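Reading the structure
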Amino acid sequence: MRSPTTEMWPFEPTVRYARTVAEALRAETIGGIVMLAATVAALIWANVSHAGYTALQHTALGPMELYEWAQHGLLTIFFFVAGLEVKEEFVHGELANLRKAALPIVAALCGMAVPALVYLAVSWGAPDAARGWAIPTATDIAFALAVLAVTASSMPPALRAFLLTSAVVDDLGAITIIAAFYTAHLNLLMLLAGAALITVYWILQRSGAGRLWMYLPLAVGAWYAVEASGVHATVAGVALGLLTRVTTREHETRSPAEAADHYLRPISAGFAVPVFAFLSAGVKLDGSSIGGIFSDRVVLGVIAGLVIGKFVGVFGGAWLSVRLGLAKLSKELHWRDMAAVSLLAGIGFTVSLLIGHLAFGADQERVDSVTTGILVASLTASVLAALLLHVRMRKRRIALDDV
């Protein structure tokens, strides 16, 4: 005999399953695995039927192709969630305390500047190479945190906090770069319209007024206006995230930012980012394309920037901030721990792919070679960081056993 609940709510098991899946997608490990699976699936399809994969990318859906919807639409959700993380860090996290924030901020800034310089030095003289200078400046939060969670779950929380905070600052820097350097044309009227809608959103957030049915049209309208202005639509996403309130009022059990993160993070991790990865990472991997990596200075610049530049920049920035007395290294951490997490910063997947397409979108062959370089660099950084973290974990266990 069915229970009354089952009779009244025949879809209750499905709802419970959906909630379980959503909760799993809020975990860094699961989100990273889903993105990795989407990437592998894209690579398999592109190498089995490259024509079919390309046709899917360019399938028209309304005013844009599928890949454009993923880049301009779905990634806006990702950047909105990133904006929420930045706001949370500024109000309640590491960035709320200037002394604590100095370490990840300086590390993140150096971790953007040094890879760009390494890229420019390696790619110097290659045609149009300068357009891709920002590709190795980005760190993929989801992948980096997933690798850390899988390989070093028992490392001190301070290490994760450093990686998360520096990656959040990195994301904010990346979206600023996209807005400033990758805007081909500017429709000032539409940009002002987008700014006006974002301002209304902010006023409603500040006043505590409004419900979802009010905020959703404002967000969609802001997205459309910013996209139509010529500025990349993801800028609207991060702006709305930054302006979402992270404090609670008397009648609220959680802040609007917490509620938005609760509902949108599973969509971002389980759908938006994996679909973007699936529609971006499909490149043909044969002897000529892999061999071309070592003859294309742009691709070598991307790899060197992510693997070497990110490590030198993040680790050097952290060391410099401590050396100058701007910050202190947590007593829980050793500089070898910082070296491992600095290697993780070289995983520049999602945002690097986006910038690569923005920089070289008119040259599909160059886009494919840059995508291959990003994949090689991210895999290399992941493996090197995982090995170093494994060594650090083993040494920590030995030290604890000896106590």
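Read on for an overview of the structure. Just so it is clear, the model here is predicted, and its values are computed rather than measured.

1. A few points about helix 7 (residues 141-151)
- Taken together, the buried positions of helix 7 are occupied by Ile141, Phe143, Ala144, Leu145, Ala146, Val147 and Leu148.
- Structurally, the start of helix 7 carries an N-cap: the backbone nitrogen of phenylalanine 143 is 2.9 Å from a side-chain oxygen of aspartate 140.

2. A short note on the packing of aromatic side chains
- A complete count under the given rule lists 11 aromatic pairs for this structure.
- Where tyrosine 53 meets phenylalanine 278, the ring centres are 6.1 Å apart and the plane angle is 75 degrees; that geometry is what we call edge-to-face. Taken together, the residues tyrosine 53 in helix 4 (residues 50-57) and phenylalanine 278 in helix 12 (residues 256-280) connect sequence positions 225 residues apart.
- Judged by relative accessible area, which is 0%, tyrosine 53 ranks as buried.
- Ring plane angle 70 degrees and centroid distance 5.3 Å describe the contact between tyrosine 201 and tyrosine 215, whose orientation is recorded as edge-to-face. Separated by 14 residues along the polypeptide, tyrosine 201 in helix 9 (residues 188-207) and tyrosine 215 in helix 10 (residues 212-229) bring together distant segments of the chain.
- Owing to a relative accessible area of 5%, tyrosine 201 belongs among the buried residues under this scheme.
- In this structure tyrosine 215 comes out as buried when scored by relative accessible area, which is 14%.
- Each residue in the set Trp45, Tyr53 and Phe278 is aromatic and connected to the rest through ring pairs, giving one cluster.
- The ring centre of phenylalanine 360 lies 5.5 Å from the NZ or CZ of arginine 366, which sits over that ring.

3. Here's the deal with the pattern of salt bridges
- Taken as a whole and judged by the stated rule, the model has 7 salt bridges.
- The salt bridge partner of aspartate 170 is lysine 310, with a shortest N-O separation of 2.5 Å. Taken together, the residues aspartate 170 in helix 8 (residues 157-181) and lysine 310 in helix 14 (residues 297-323) connect sequence positions 140 residues apart.
- With a shortest N-O distance of 2.9 Å, glutamate 252 and arginine 245 are connected by a salt bridge.
- Beyond isolated ion pairs, a larger network of salt bridges with shared partners links Glu85, Asp261 and Arg265.

What counts as what
- Residues numbered from 1 in each chain as written.
- Predicted model: local features only at pLDDT ≥ 70, side-chain atom pairs only at ≥ 80, totals over all residues.
- Heavy atoms only, no water.
- Buried < 20%, exposed > 50% of the residue type's maximum accessible area, 1.4 Å probe, protein only.
- Helix = DSSP H or I, 4+ residues; strand = E, 2+ residues; numbered from the N terminus.
- Polar contact = N/O pair within 3.5 Å; in protein donor to acceptor, adjacent residues only side chain to side chain.
- Phe/Tyr/Trp six-rings, centres within 6.5 Å; stacked < 30°, edge-to-face > 60°.
- Lys NZ or Arg CZ within 6 Å of the ring centre and 35° of its normal.
- Salt bridge = Lys/Arg side-chain N within 4 Å of Asp/Glu carboxyl O.

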